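Analysis of the macromolecular model
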Amino acid sequence: MNHFNDELANDLADIRAQGLLRQLRRVDSAQGARVTIDGRTLLNFSSNDYLGFANHPLLKEAAIKATEQFGAGSGASRLICGSLAPHHELEEALANFKGTEAALTFSTGYAAALGAIGALVGKDDVIVLDKLVHASIIDGARMSGAHLRVFAHNNLADLEDKLKWATQGPCAIYRTPRILILTESIFSMDGDLAPLRDIVELKDRYGAWLMIDEAHATGLFGAGRRGLAEACEVSDRIEVQMGTLGKALGASGGYICGSRALIDVLVNRARSFIFSTAPIPAAAAGAKAGIELLQSNEGEERRVRVWSLVDRLKNALVAGRWKVPVVQSAIIPIIIGDEAAAVDLTAKLRERDVFIPAIRYPTVARGAARLRVTLTASHSNEDVDALAAALAM
Ligand SMILES: *Cc1c(COP(=O)(O)O)cnc(C)c1O
């Protein structure tokens, strides 16, 4: 085998030596506040199932019904013959929910980012992206072939510098480039908020377009729980609203919401949409049930519950002299720094029946390893107290 496995063993030894080895942990239960790992029940503070929808009876029932009516698989790409009714119903529900003209769904949020960015800009264009955006956006930006400029995290002055470069620099000599700004609304590993209103002002001033990733905001922010764009009252000024159906919405898949023209261009140009089998009917139906549940009283009750748990944990952490973020989101990073120290701490927590994986490079910068605690509506006050107690030991 031409030393294939020997070479790879060396790669793995390198990764391990840096404290960066990742391994899968088999979970033998459904998502929830408790998960079964190696025959033990652990308190789970690592899921993005913020509202506890992933194992909700309404979503399961919708998924089962769709499977019975439309089958387990979808047979082909949406453009060939896989554009099943559940996908269209989901997209109508999404567009209604987000208040946009149209929506398009993808098999994952990752695929949505890759497809949308590449469909909108190319080698003569400029992408300006926040330093801390998710890997899916970085990969989409790179694959698009556009000129990339990274602005310091949430730094408006730096963003403006990059926009000036885009409008006046070498890219603008022969033609006016398209300029696409990419940011998250709630950042996935820090739980902080983008200054969306100011970013919208800037992008209008420089004639740029804005695409935001609402993966961690949809379901939690805004009066209608549509996301941070709603909370900041800028939804109708943002060209591309992206997100996932796999976090607060409890199912799986990714989406882009925006104008009819945007969606029609994506259907024609987004390669991750065109050259990929349609998501299974169960996923689409489950996500649609998630959107409906989100808009119900129960959706609001569950959001309120998440915020009250966040307050409870933050108070306990402050009392235990941990540093906590000032802003409110369901993501509470406990920054450790050293990779090995973070791994050690998660192992200790596991002995106390608490499951939180260490987040390390390349997900975050080297030396910025952390425990990323996520709270969900499935947790109880006692669960949060148990976490605080385990951290205090
Ligand atoms: C999870 C995530 C994605 C990808 O969504 P998937 O549906 O899991 O592929 C994209 N952006 C951010 C910020 C995320 O956290």
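The paragraphs below set out a description of the structure included in this document. Note that this is a predicted model, so its numbers are computed, not measured. (Residues numbered from 1 in each chain as written. Predicted model: local features only at pLDDT ≥ 70, side-chain atom pairs only at ≥ 80, totals over all residues. Heavy atoms only, no water.)

This part covers the overall build of the protein. The helix and strand inventory of the protein stands at 15 helices and 13 strands. In terms of overall dimensions, the protein is globule-like: its C-alpha atoms have a radius of gyration of 21 Å, near the 21 Å expected for 393 residues. Dimensions of the protein, computed from C-alpha atoms along their principal axes, come out at roughly 60 × 55 × 50 Å. With 393 residues in all, the protein has 52% of them scored as buried. In the protein, of all internal contacts separated by at least 6 residues, the share reaching a separation of at least 24 is 69%. On the protein, roughly 18000 Å² of surface is accessible, and the fraction owed to carbon and sulfur atoms is 51%. Side chains of the protein give 43 positive and 46 negative charges; the mean places of these two sets differ by 2 Å. (Helix = DSSP H or I, 4+ residues; strand = E, 2+ residues; numbered from the N terminus. Rg over C-alpha atoms; globule rule 2.2 N^0.38 Å. Buried < 20%, exposed > 50% of the residue type's maximum accessible area, 1.4 Å probe, protein only. Contact = heavy atoms within 4.5 Å. Areas by Shrake-Rupley, 256 points an atom, 1.4 Å probe, with all protein chains shown as cover. Lys, Arg positive; Asp, Glu negative; His and termini not counted. Charge placed at Lys NZ, Arg CZ, Asp CG, Glu CD.)

Position of histidine 87 relative to the elements: it lies in helix α4 (residues 85–98). Excluding residues within four positions of it along the chain, histidine 87 makes contact with Ser74, Arg78, Gly82, Ala278, Pro279, Ile280 and Ala284.

We now examine the packing of α4 against helix α12 (residues 281–294). As a packed pair, α4 and α12 sit with axes 9 Å apart at the nearest point and diverge in direction by 25 degrees. One way to sum up the angle between α4 and α12 is to call them roughly parallel. Handedness of the α4/α12 crossing: left-handed. Residues Pro86, His87, Glu89, Leu90, Ala93, Leu94 and Phe97 of α4 lie in contact with α12, whose contacting residues are Pro281, Ala284, Ala287, Lys288, Ile291 and Leu294. Residue composition of the contact of α4 with α12, grouped by class: 10 nonpolar, 1 polar and 2 charged. (Axes fitted to C-alpha atoms, helices over the stretch in contact; angles between N-to-C directions. Parallel < 35°, antiparallel > 145°, perpendicular 65-115°, else oblique. Left-handed = near helix turned anticlockwise from the far one by under 90°. Nonpolar A, V, L, I, M, F, W, Y, C, P; charged D, E, K, R; others polar.)

Let's shift gears to a nonpolar patch on the surface. Together, Met1, Phe4 and Leu8 make up a nonpolar patch on the protein surface, roughly 360 Å² of accessible area in all. By the secondary structure assignment, leucine 8 is in helix α1 (residues 4–17). The exposure class assigned to leucine 8 is partly exposed, which follows from its relative accessible area of 35%. (Patch = residues over 30% accessible without salt bridge, like charges linked within 9 Å, V, L, I, M, F, W, Y side chains within 5 Å. Salt bridge = Lys/Arg side-chain N within 4 Å of Asp/Glu carboxyl O.)

Take the sheet that holds strand β1 (residues 34–37) next. Ordered in space as β1-β2-β11, the 3 strands form an open sheet in which the pairing is mixed. Because the sheet does not close on itself, it has two edges, and the strands there are β1 and β11 (354–355). For β1 and strand β2 (residues 40–44), the ladder comprises 4 bridges, and the chain directions are antiparallel. When the sheet's bridge partners are listed, valine 35 is paired in β2 with leucine 42. (Pairing = 2+ DSSP bridges.)

What follows is about the environment of isoleucine 263. Mapped onto the elements, isoleucine 263 comes out in helix α10 (residues 260–269). Isoleucine 263 gets classed as buried once you look at its relative accessible area, which sits at 1%. The contacts of isoleucine 263, once residues within four sequence positions are left out, are Ala102, Ala103, Leu104, Ile256 and Gly258.

This paragraph deals with the packing of helix α5 (residues 109–120) against α10. As a packed pair, α5 and α10 sit with axes 9 Å apart at the nearest point and diverge in direction by 100 degrees. In terms of orientation, α5 and α10 fall into the roughly perpendicular class. Residues Gly115, Ala116, Ala119 and Leu120 of α5 form the contact with α10, whose participating residues are Leu262, Val265, Leu266 and Arg269.

Next up on the list: helix α13 (residues 297–319). One full turn of an α-helix is made of 3.6 residues, so residues set three or four places apart face in the same direction. The terminal C-alpha atoms of α13 lie 33 Å apart, and with 23 residues this matches the ideal 33 Å at 1.5 Å per residue to within 8%. All of the buried residues in α13 are Gly299, Arg302, Arg303, Val306, Trp307, Leu309, Val310, Leu313, Lys314 and Leu317. Buried residues in α13 make contact with α12, β10 (331–337), β13 (369–374) and α15 (381–392). Of the residues one or two after α13, arginine 321 is the one with positive phi, at around 60 degrees. (Expected span 1.5 Å × (residues − 1).)

If you trace the 3 strands from one edge of the open sheet to the other, you get β10-β13-β12, paired in antiparallel fashion. Edge positions in the sheet fall to β10 and β12 (358–359), since each has one partner strand and no second. As judged from the 6 bridges shared by β10 and β13, these two strands associate in the antiparallel manner. From the neighbouring strand, isoleucine 332 faces β13, where its bridge partner is valine 373. Set on the sheet, helix α14 (residues 339–351) makes contact with β10, β12 and β13; between it and β13 the angle comes to about 40 degrees.

Okay, the site of the ligand next. In the region of the ligand, 14 residues are neighbours, and Gly109, Asp213, His216, Thr244 and Lys247 sit closest. One of the side-chain nitrogen or oxygen atoms of aspartate 213 is found 2.5 Å away from a nitrogen atom of the ligand. One of the side-chain nitrogen or oxygen atoms of histidine 216 is found 2.5 Å away from an oxygen atom of the ligand. Protein coverage of the free-state accessible area of the ligand, which is 370 Å², stands at 83%. (Near = heavy atom within 4 Å. Polar contact = N/O pair within 3.5 Å; in protein donor to acceptor, adjacent residues only side chain to side chain.)

This part takes up α12. For α12, which comprises 14 residues, the first-to-last C-alpha distance of 20 Å matches the rise-based estimate of 20 Å (1.5 Å per residue) to within 8%. The element α12 is extensively covered by neighbouring structure, given that 12 of its 14 residues are classed as buried. Those residues of α12 lying buried are Pro281, Ala282, Ala283, Ala284, Ala285, Gly286, Ala287, Ala289, Gly290, Ile291, Leu293 and Leu294.

Before going further, it helps to examine the pattern of salt bridges. Per the counting criterion, the structure on display carries 21 salt bridges. Close ionic contact of arginine 34 with aspartate 383 constitutes a salt bridge, the shortest N to O distance being 2.6 Å. Of this pair, arginine 34 sits in strand β1 while aspartate 383 sits in helix α15, and the two are 349 residues apart along the sequence. Between aspartate 264 and arginine 260 there is a salt bridge, and its shortest N-O distance comes to 3.1 Å. A residue pair is termed a helical-turn pair when its members lie 3 or 4 positions apart in one helix, as aspartate 264 and arginine 260 do in helix α10 at 4 residues. Given a relative accessible area of 36%, aspartate 264 falls into the partly exposed group. Sharing partners across several salt bridges, the network here consists of Glu201, Lys203, Asp204, Arg237 and Glu239.

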